[in-house]
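What the coordinates show
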Amino acid sequence: SADIPSDAEKVAVAWCVLNRVDSDEFPDTVIEVLEQPGQFEGGYDPDYPVEPELYELALDVLERWETGEGRVLPQDYLYYHGDGKHNYFRKEYDSTEYWDWSLPSPYKE
């Protein structure tokens, strides 16, 4: 469905989290980034089951993060918001300039 974000959009959220882990402006672990107040609203709950498809995508992103290959979001994009249909990524919290999806995606749609 056109209302469901593509795999590239889904993994870009994971890359946004990892960009924060790599940034001096945010905590140094994935859990610490996800647990920051007001961040990733509704997206993280340690008691919420992870769908197998999303689990596999997360593992894939972590492998790509370790190897440095297959990034779909540049490292300086630290913020995003979604509108229920798509995710929009930006470098600064209050910026109106969004990522243009110009990196090649390793995910087949």
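Look above for the structure.
The paragraphs below set out a description of the structure included in this document. Residue positions within a chain follow its written sequence, with the count starting from 1. Per-residue local features are limited, in this predicted model, to residues with pLDDT of at least 70; the limit for side-chain atom pairs, both in listing and counting, is 80 or more; totals at the level of whole chains, interfaces and linings are taken over all residues. Excluding hydrogens and water, the side-chain figures rest on all heavy atoms present in the structure.

**Quick look at the nonpolar core**
How we decide: We define the nonpolar core as a collection of buried residues of types Ala, Val, Leu, Ile, Met, Phe, Trp, Tyr and Cys that are connected through side-chain atoms lying within 4.5 Å of one another. Exposure classes here rest on a 1.4 Å probe applied to the protein chains alone. A residue is buried below 20% of its type maximum, exposed above 50%, and partly exposed in between. By definition, any uninterrupted DSSP run of H or I lasting at least four residues is a helix, any uninterrupted run of E lasting at least two residues is a strand, and each is numbered from the N terminus. The criterion used for residue contact is that any of the two residues' heavy atoms lie within 4.5 Å.
Counting 22 residues, the largest nonpolar core has Val11, Trp15, Leu73 and Phe89 as its most contacted members. Secondary-structure elements contributing two or more residues to this core are helix 1 (7-22), helix 2 (30-34) and helix 3 (52-67). Among the elements that line this core, the one with the most residues is helix 1, at eight residues. The residues touching Phe89, leaving out its near neighbours within four places in the chain, are Glu9, Ala12, Val13, Cys16, Leu73, Tyr77, Tyr79, Tyr80, Glu97, Tyr98, Trp99 and Trp101.

**Observations concerning the packing of helix 1 against helix 3**
The line we're drawing: Angles run from 0 to 180 degrees between N-to-C directions of axes, and those axes are lines fitted to C-alpha atoms, restricted for helices to the stretch in contact. Roughly parallel here means an angle under 35 degrees, roughly antiparallel means over 145, roughly perpendicular means 65 to 115, and every remaining angle is called oblique. Crossings are assigned a handedness: left-handed for a near helix turned anticlockwise from the far helix by less than a right angle, right-handed for a clockwise turn. Note that Gly is not counted as nonpolar here; it falls among the polar residues with everything else outside the nonpolar set of Ala, Val, Leu, Ile, Met, Phe, Trp, Tyr, Cys and Pro and the charged set of Asp, Glu, Lys and Arg.
Interaxial distance between helix 1 and helix 3 falls to 10 Å at its minimum, and their mutual angle equals 45 degrees. As summarised for this structure, helix 1 and helix 3 are arranged oblique, according to the angle between their axes. The interaxial crossing formed by helix 1 with helix 3 has right-handed handedness. Contacts from Asp7, Lys10, Val11, Ala14, Trp15, Leu18, Val21 and Asp22 in helix 1 reach Glu53, Leu54, Leu57, Val61, Leu62, Arg64 and Trp65 in helix 3. By residue class, the composition of the contact of helix 1 with helix 3 is 10 nonpolar, no polar and five charged.

**Quick look at a nonpolar patch on the surface**
Counted only if it meets this: Patches here are clusters of residues that have more than 30% relative accessible area and form no salt bridge, with a 9 Å joining cutoff for like charges and a 5 Å cutoff for nonpolar side chains (Val, Leu, Ile, Met, Phe, Trp, Tyr). For the area figures, the Shrake-Rupley method with a 1.4 Å probe applies, and any residue is considered shielded solely by the protein chains shown. A pair is scored as a salt bridge if a Lys or Arg side-chain nitrogen falls within 4 Å of a carboxyl oxygen belonging to Asp or Glu.
A contiguous nonpolar surface patch, about 430 Å² in accessible area, is contributed by Val50, Leu54, Tyr55, Leu59 and Leu62. The residue Val50 is located in the loop between helix 2 and helix 3 in this model. The class for Val50 is exposed, based on a relative accessible area of 55%.

**Thoughts on helix 3**
This is how the line gets drawn: Residue count minus one, scaled by 1.5 Å, sets the expected span of a helix.
The end-to-end C-alpha separation of helix 3 is 23 Å, in line with the 22 Å expected for 16 residues at 1.5 Å each. The positive-phi residue at the C-terminal boundary of helix 3 is Gly68, with phi of around 80 degrees.

**Things to note about the layout of surface pockets**
Where empty space is left becomes clear once a probe the size of a water molecule has been rolled over the atoms. For clarity, the cut-off: Grid points spaced at 1 Å and placed over the protein atoms alone form the basis of the search, with a cavity being a set where a 1.4 Å probe fits but cannot get out and a pocket an open set showing protein on both sides within 12 Å along at least five of seven lines. Lining residues have an atom within 4 Å of a point. Grid points are joined across faces, edges and corners, and a volume is the space filled by probe spheres set on the points.
Of the pockets and cavities examined, the second largest pocket occupies roughly 230 Å³. Here the element with the most residues in the lining of the second largest pocket is strand 1 (residues 79-82); it accounts for four residues.

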